[in-house]
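# Examining the three-dimensional arrangement
Residue-level listing of the chains:
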Amino acid sequence: MGQDVDAREFSRDDRTRYRAKVRRCLDVFARMLGERDFSFDTAHVGIEIEFNLVDEHGDPVFKGVEALEAIADEDFQTELGLFNLEINVPPSRIDGTGLVALEETLRDDLNAAQDKAAGVGAHLVMIGILPTLGEEHLGYHTISPNPRYKLLSEQIMAARGEDIEIVIDGVDRLDTRADTIMPEAACTSTQLHLQVEPEDFAPTWNAAQAIAGVQVAVGANSPFLLGRQLWHETRIALFEQATDTRSEELKAQGVRPRVFFGERWITSVFDLFEENVRYFPALLPIVEDEDPLVELEAGRVPSLAELRLHNGTVYRWNRPIYDIADGRPHLRIENRLLPAGPTVVDTLANAALFYGLVPVLGQGERPVWSQLSFAAAEDNFHTASQMGIEAEQYWPGVGSVPARELVLRHLLPLAHTGLEQLGVDAAVRDRLLGIIEQRCVTGRNGATWLIQETEHHRAAGSDSVAALRLTTQEYQRHMHGGEPVHTWPLR
């Protein structure tokens, strides 16, 4: 949800000044891409994961503030809902055993946080959507106290001018309304960060868009929302609707949504920031004192605060990031489309697939995105969100094939090659990509396990509410056990 902001009201003058400042930042950014050094010696990667907080019965518990105080770790921070927390794992080198170090850090932090949060009656669950969430958990009273969340909700609702309607057709049908953006808090995600140099950004981002469907298919973990079985990765449809600032009339006019897959392959990272400025009005028009042009011409690194804040309110599934570390500017791709969970090792396996595929698929005289229409990539993404690991995916030179077959026969060898090129040790890539392989062989990921486990409890006589609660409790036990989801038993 971006940086901290204070509670405030915005005037017409605020928006006019902000628009001018964002455009000034964009001009400076264009110059920086040509004049400044964004290079690095070794690629770094990072992970952010959002969690749900539950009580001993698996129901949501509104103890985000208390849990955060108990955890007392700067890597953990608040999220939109009082039943959410987020961890930002410090960046790590990807070469050698870097992914193992990332896994160990995440596991240790999670275990320590769970022990401390349990002392205040909150337990951490890493899952795309908590099955026990009800509409009573998604109101104004459950927004975290950080002013930025209420301010953002107010601005989105004001831009929309009417309640948000959530309509999702799956096995069941959901049709509900909300007067805040709190339904978005149901979406708990994993964000993968990959540092990229400017000249490599466009092919890497294009490759990330091309594999979005495959990522969601094998990583789906969100089949239930508000007691209904919907898509295998219901988060995608929910997030697209829960933060939509458009009225029905604006949708009919073709106005672009703020949750944005995109509409074309790019030639530069500048394309994405320029689209953000051109297409999307400000939600949080906060103007800082720094003049980016003065900073640039003085030889300093501009923060580009307004451009970064604006970028944080356009929710691309693969988002460009401009940041500064140790006094030097750098670029990252933030891959935002995966759910949280099911386990730490499953998360790292998903990461290995992404980090291995994108450099390879962006290389060569005919990279994958030059042979695939952008519309086909977006269709793959939404089909995978609906159908999960059994989804059909269109792929150049192959045609329309099941996602499991595409991964096993074509993409896993490429991911091995990509990780090898990044210097990842053979044992590390074999272990992590082996988890993806076994998911595809068994047809079992988080979504399929959750669906089948819930069906078992219903068949045993539990009503829908009880079945989802029992499934959540069993999921929580396996999640903290740490074994990959394809090994979890089914009854």
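A brief structural summary. (Residues numbered from 1 in each chain as written. Predicted model: local features only at pLDDT ≥ 70, side-chain atom pairs only at ≥ 80, totals over all residues. Heavy atoms only, no water.)

### Looking at the pattern of salt bridges
Any two side chains of opposite charge can pair, so long as their charged atoms come close to each other. Taken as a whole and assessed by the stated rule, the structure comprises 31 salt bridges. Here D244 ties to K251 by a salt bridge, and the two come within 3.9 Å at their closest N and O atoms. A salt bridge links R278 to E274, with the shortest nitrogen-to-oxygen separation between them at 2.7 Å. Of this pair, R278 and E274 both sit in helix α9 (residues 269-279), 4 residues apart, which is roughly one turn of that helix. Assessed through its relative accessible area of 47%, R278 is described here as partly exposed. (Salt bridge = Lys/Arg side-chain N within 4 Å of Asp/Glu carboxyl O. Helix = DSSP H or I, 4+ residues; strand = E, 2+ residues; numbered from the N terminus. Buried < 20%, exposed > 50% of the residue type's maximum accessible area, 1.4 Å probe, protein only.)

### Looking at the packing of aromatic side chains
The geometry of an aromatic ring pair is captured by the separation of the ring centres together with the interplanar angle, meaning the angle of the planes. Considering all chains together, one arrives at 17 aromatic pairs under this definition. Summarising the aromatic geometry, the rings of F239 and Y315 are spaced 5.5 Å apart at their centres and angled 75 degrees between planes, so their arrangement reads as edge-to-face. One end of the pair, F239, is in helix α7 (residues 234-242); the other, Y315, is in strand β11 (residues 315-316), with 76 residues separating them in the sequence. This pair shows no difference in class: F239 is buried, exactly as Y315 is. With a centroid separation of 6.3 Å and 85 degrees between ring planes, the pair formed by Y279 and F280 is classed as edge-to-face. In this structure F280 comes out as buried when scored by relative accessible area, which is 4%. Joined through ring pairs, the aromatic side chains of F239, F261, W265, Y315, W317, W369, F374 and F381 make up one cluster. Over the aromatic face of Y279 sits the side chain of R256, whose NZ or CZ is 3.6 Å from the ring centroid. (Phe/Tyr/Trp six-rings, centres within 6.5 Å; stacked < 30°, edge-to-face > 60°. Lys NZ or Arg CZ within 6 Å of the ring centre and 35° of its normal.)

### So, the pairing of strand β14 (residues 392-395)
What you see with β14 is a clean split: Q393 and W395 sit on the buried side and E392 and Y394 on the side with no burial. Pairing geometry for β14 and strand β15 (residues 399-402), over 4 bridges, is antiparallel. Among the inter-strand pairings, Q393 is bridged to a residue of β15, identified as V401. The hairpin turn running from β14 into β15, its antiparallel successor, is 3 residues long, and G397 in that turn takes a positive phi close to 80 degrees. (Pairing = 2+ DSSP bridges.)

### Here's the deal with the pairing of strand β12 (residues 318-325)
The element β12 is extensively covered by neighbouring structure, given that 6 of its 8 residues are classed as buried. Between the antiparallel neighbours β12 and strand β13 (residues 328-339) lie 2 residues, among them D326 with a positive phi of about 55 degrees.

### Looking at the packing of helix α6 (residues 212-219) against helix α14 (residues 403-421)
At their nearest, the axes of α6 and α14 sit 10 Å apart, and the two run at 115 degrees to each other. By the criterion of interaxial angle, the relationship of α6 to α14 is roughly perpendicular. Relative to α14, the crossing made by α6 is left-handed. Facing α6, whose interface residues are V214, A217 and V218, α14 presents A403, L406, V407 and L411. (Axes fitted to C-alpha atoms, helices over the stretch in contact; angles between N-to-C directions. Parallel < 35°, antiparallel > 145°, perpendicular 65-115°, else oblique. Left-handed = near helix turned anticlockwise from the far one by under 90°. Contact = heavy atoms within 4.5 Å.)

### Section: the nonpolar core
In this structure, L99, F201, L225, L238, L307, F354 and Y355 are the most contacted members of the largest nonpolar core, which totals 149 residues. Here F354 is in contact with L192, L194, A208, I211, Q215, N318, I333 and N335, once residues within four sequence places are set aside. (Core = buried A, V, L, I, M, F, W, Y, C linked by side-chain atoms within 4.5 Å.)

### Topic: the environment of Y322
Mapped onto the secondary structure, Y322 falls in strand β12. What makes Y322 buried here is its relative accessible area of 3%. C-alpha of Y322 to C-alpha of I333: the two residues are 11 residues apart in sequence and 9.1 Å apart in space. The contacts of Y322, once residues within four sequence positions are left out, are F29, M32, F38, F273, V301, P302, S303, L304, R308, P329, H330 and L331. Within the structure, Y322 has its side chain in polar contact with the backbone oxygen of P302 (distance 2.6 Å). (Polar contact = N/O pair within 3.5 Å; in protein donor to acceptor, adjacent residues only side chain to side chain.)

### Section: the environment of N52
Tracing the backbone through its elements, the reader meets N52 in strand β1 (residues 44-54). Accessibility expressed as a relative area gives 0% for N52, which makes it buried. Taking the C-alpha atoms as reference points, N52 and L283, 231 residues apart in sequence, are found 27 Å from one another. Here the side chain of N52 touches T188 through a polar contact of 3.1 Å, side chain to side chain.

### What to know about helix α17 (residues 464-481)
Counted at 1.5 Å a residue, the expected span for α17 with its 18 residues is 26 Å, and the 26 Å between its end C-alpha atoms agrees. Residues of α17 that are buried include every one of A467, L468, T471, T472, E474, Y475, Q476, H478 and M479, and no others. Where the residues of α17 are buried, they touch β1, α3 (98-118), β4 (123-125), β8 (224-225) and α16 (446-459). For α17, the N-terminal capping position is held by D463, with its side-chain oxygen 3.3 Å away from the main-chain nitrogen of V465. (Expected span 1.5 Å × (residues − 1).)

By themselves these figures say nothing about function.
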